[in-house]
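Structure at a glance
Below are the chains, spelled out letter by letter.
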Amino acid sequence: MSSIIQLLPDHVANQIAAGEVVQRPASVVKELLENAVDANATDIKLIIKDAGKSLIQVIDNGKGMSVTDSRLCFERHATSKIRQAEDLFSLHTKGFRGEALASIAAIAHVEMKTKQDQEELGIHIIIEGSKFVSQEPAVLPKGTSFAIKNLFFNIPARRNFLKSETVEQRHIVDEFQRVAMAHPNIHFTMYHNGSEMFNLPISNFRQRIVNIFAGKTNEKLVPVKEETEIVNLHGFIGKPEFAKKNRGEQFFFVNDRFIKSGYLHHAVMAAYEGLLKDGAQPSYFLYLEVPPHTIDINIHPTKTEIKFDDEHALYAILRSSIKHSLGQFNVAPVLDFDRDPNLDTPYQYQNKEAEYPTIQVDSTFNPFADEKPNKSFSSASHYKKEAQPSWESLYVGLKQATHDIAEMTFENEAVTSSLFEENEIEQEVKRTYQIHKKYIVSPIKSGMVIINQKRAHERILYEAFLTSMTVHKASSQQMLFPLQLFFSVAEINLLRELQSSLENTGFVFEEINEDHIMISGLPVNVTESEISIVLEELLSDLQDGIPDSSFCQNDTIAKSMARSLAVKTGTYLTEKEQENLVHNLFACKEPNVSPFQKPTFITMSVEDLDKKFSL
């Protein structure tokens, strides 16, 4: 039998290996930005076109590469970061595997320009699908420039699996923000399709966070700082009242590297216990500095997961530090009762003995006296009360008319009238009942119908919003004063795309700026206090991208708003509200299911009830 195992060609092996490192354009952005940081750059520019599908370019002013290094860097497992396996536990750089540039070069057109400070000329290299096309000397500034064009040009299947431009751009922005937040000592700039999205000058950690998320971020931050032998912790957490529904503003950095850790996230949530509403997520930007030998970074291709030596100690330190900061800055409620400072003894009276108050009695006071002496004007003559005329004088001069009682007629019985006959008047009977503030029971001829009030209200609102967006524009209630809401750059871009659909539901936008929006009108069934909740949940539902078709976009918006505004389980409804909910539900086109395909009601016949009681 002939042998069937064979070695794959290098270009095929590189394409397969590239799938682990380069999953989407954001992966390329992450690798190139981290390489620029490792090159000790102080100014890094990121240029994107078509959400990275056409162009990803990173320009830095780092130390550059020599002729030999510029050629060798595209070989697999070629790196300047480590020399032996033991170096993995003393890492001070972002990269160390030597796979990123080789993987990128295998699936894209790469153009690299690099020059070292002491050299007169730099190197210009062009690679297409792991094949070197050209290498020429060139006059260049100090640093390195990588231009990645036509990503996945030789793997069309991978290119077809990419999401919409909005989704891919959001992932690129996420990677850019993570690297920029970890290194506030570097000037970062980002351009997308020729327009500047971020310009982050060199600053401290707090200012970098504010520059990225804009708005009133500075008011939300509470500093956290703790130094121990295990970890040095510093950073910022968000105040509980600014918590959101999504987890977009939660960042852990270990030795200036962004990581994801569900265990450490649980420690943060434990510190906020009792301070957050159900489903709310606090913001946090926490920087942990640990000895390099106590962590293992080489457990995941994206290097976003880290194994710690002593996770339990980190959990306890993180939880207690956050609790301490919440209490220190009067964010968390304290157990002491509020004390009125007016009741405190003044300092100058601390050593004085108490004195009995003097009691003064007016011996001349007589409550039955007709005239009371005027104490204020004792020297003046007493005021003499004038005699008032008696009540009989009011009737003096009136004409006295007499009537004969016999000539008067009186009604013997009170006359009552009714619009309906007695047999037509039907006694009002209570038709609906609320059980556990969750279900509404309404009797019908065959038995009874049990309605889930939350799902039923979702169906009613969903059809109302969908009708207003597709059939006719909904009416809007104007606000007395415009409401200002702050959002991140990515959220503002989403709202711009959704503006026309939201205006059809009844929203009126006065202006949409780079970091905030002004709303002057609301849908009729939305209150001012619910605006931020509705928009936050809508942005959270659309974080994976806006559907391409207009109907799918309207459908998603209607579902999200219906879920946000529907009456919650545990809400008491009056009889009128219960009846209104029942009537509106069965007036819907599809009353049987909620917008999320869950049953809204069940029916129970009398026969079913009889079976329950049968022995």
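What comes next is a walk through the structure. As the structure is a computational prediction, the values presented were derived from the model and not from experiment.

Some details on the packing of helix α9 (residues 262-271) against helix α10 (residues 311-328)
Axis angle and axis distance: for two packed helices, these are the angle between their axes and the distance between the axes, and together they describe the pair. Contact pair α9 / α10: the axes reach a minimum separation of 8 Å and the direction vectors enclose 30°. Taken together, the axes of α9 and α10 are roughly parallel relative to one another. For the pair α9 and α10, the crossing hand works out as right-handed. Of the residues in α10, those touching α9 at Tyr263, Leu264, His266, Ala267, Val268, Ala270 and Ala271 are Glu311, His312, Leu314, Tyr315, Leu318, Arg319, Ile322, Lys323 and Leu326. Class assignment of the residues belonging to the contact of α9 with α10 gives a composition of 11 nonpolar, 2 polar and 3 charged.

Let's talk about the environment of Val58
Secondary-structure assignment places Val58 in strand β2 (residues 55-60). Classification of Val58 as buried rests on a relative accessible area of 3%. In the structure, Val58 is positioned 22 residues away from Ala36 in sequence and 8.0 Å away in space, judged by C-alpha atoms. Beyond its immediate sequence surroundings of up to four residues, Val58 is in contact with Leu32, Leu33, Ala36, Ile44, Lys45, Leu46, Thr144, Ser145 and Phe146.

Topic: the packing of aromatic side chains
Counted according to the given criterion, the structure contains 16 aromatic pairs. A centroid spacing of 6.2 Å and a plane angle of 85° characterise the contact between Phe74 and Phe132, whose relative ring orientation is edge-to-face. Linking Phe74 in the loop between α3 (67-72) and α4 (100-106) with Phe132 in strand β5 (residues 131-138), this pair joins segments that are 58 residues apart in sequence. Classification of Phe132 as partly exposed rests on a relative accessible area of 28%. Ring geometry for Phe251 against Phe258: centres 6.0 Å apart, planes inclined by 65°, an arrangement best described as edge-to-face. What makes Phe251 buried here is its relative accessible area of 5%. Grouped by ring-pair contacts, the aromatic residues Phe205, Phe213, Phe251, Phe253, Phe258, Phe285 and Tyr287 constitute a single cluster.

Brief notes about the sheet that holds strand β3 (residues 109-115)
Here 8 strands make up an open sheet; going across it, the order is β5-β4-β3-β6-β2-β1-β7-β8 and the pairing mixed. Two strands lie at the open edges of the sheet, namely β5 and β8 (195-200), each paired on one side alone. Here the average twist between neighbouring strands, direction ignored, is 10°. The pairing of β3 with strand β6 (residues 143-149) spans 7 bridges and is classified as antiparallel. Across the sheet, Thr114 pairs through a bridge with Thr144, a residue of β6.

Things to note about the packing of helix α11 (residues 453-470) against helix α12 (residues 489-505)
At a closest axis distance of 8 Å, the pairing of α11 and α12 adopts a crossing angle of 115°. Taken as axis vectors, α11 and α12 run roughly perpendicular relative to one another. The handedness of the crossing between α11 and α12 comes out as right-handed. Taken together, the residues of α12 that come into contact with α11 (itself represented by Phe465, Ser468 and Met469) are Ser501, Asn504 and Thr505. Looking at side-chain class alone, the contact of α11 with α12 contains 2 nonpolar, 4 polar and no charged residues.

Description of the sheet that holds strand β11 (residues 250-254)
Read across the sheet, 5 strands follow the order β9-β10-β13-β11-β12 without closing on themselves; strand pairing throughout is mixed. Bordering the open sheet on either side are β9 (221-227) and β12 (257-259), each of which pairs with just one other strand. On average, adjacent strands in this sheet sit at an angle of 20° to one another, irrespective of strand direction. With 7 bridges connecting them, β9 and strand β10 (residues 232-238) associate as antiparallel partners.

A few points about the environment of Gly64
With respect to the element layout, Gly64 can be found in the loop between β2 and α3. C-alpha separation for the pair Gly64 and Ala39, spaced 25 residues apart in sequence, amounts to 7.1 Å. Not counting residues up to four positions away in its chain, the partners in contact with Gly64 are Thr114, Lys115, Gln116, Gly143 and Thr144.

Re the pattern of salt bridges
Side chains bearing opposite charge may pair, as long as their charged atoms lie close to each other. All chains considered together, the criterion is met by 12 salt bridges. Taking the shortest distance from any N to any O, the salt bridge between Glu168 and Arg24 comes out at 3.1 Å. Linking Glu168 in helix α6 (residues 165-182) with Arg24 in the loop between α1 (10-21) and α2 (25-38), this pair joins segments that are 144 residues apart in sequence. Given the relative accessible area of 0%, Glu168 is considered buried. Judged by its relative accessible area of 22%, Arg24 is partly exposed. Among the salt bridges present, the one from Glu458 reaches Lys454, with a minimum N-O distance of 2.7 Å. One end of the pair, Glu458, and the other, Lys454, are both in helix α11, 4 residues apart, so they sit about a helical turn from each other.

Reading the values: rules and limits
- Residues numbered from 1 in each chain as written.
- Predicted model: local features only at pLDDT ≥ 70, side-chain atom pairs only at ≥ 80, totals over all residues.
- Heavy atoms only, no water.
- Axes fitted to C-alpha atoms, helices over the stretch in contact; angles between N-to-C directions.
- Helix = DSSP H or I, 4+ residues; strand = E, 2+ residues; numbered from the N terminus.
- Parallel < 35°, antiparallel > 145°, perpendicular 65-115°, else oblique.
- Left-handed = near helix turned anticlockwise from the far one by under 90°.
- Contact = heavy atoms within 4.5 Å.
- Nonpolar A, V, L, I, M, F, W, Y, C, P; charged D, E, K, R; others polar.
- Buried < 20%, exposed > 50% of the residue type's maximum accessible area, 1.4 Å probe, protein only.
- Phe/Tyr/Trp six-rings, centres within 6.5 Å; stacked < 30°, edge-to-face > 60°.
- Pairing = 2+ DSSP bridges.
- Salt bridge = Lys/Arg side-chain N within 4 Å of Asp/Glu carboxyl O.

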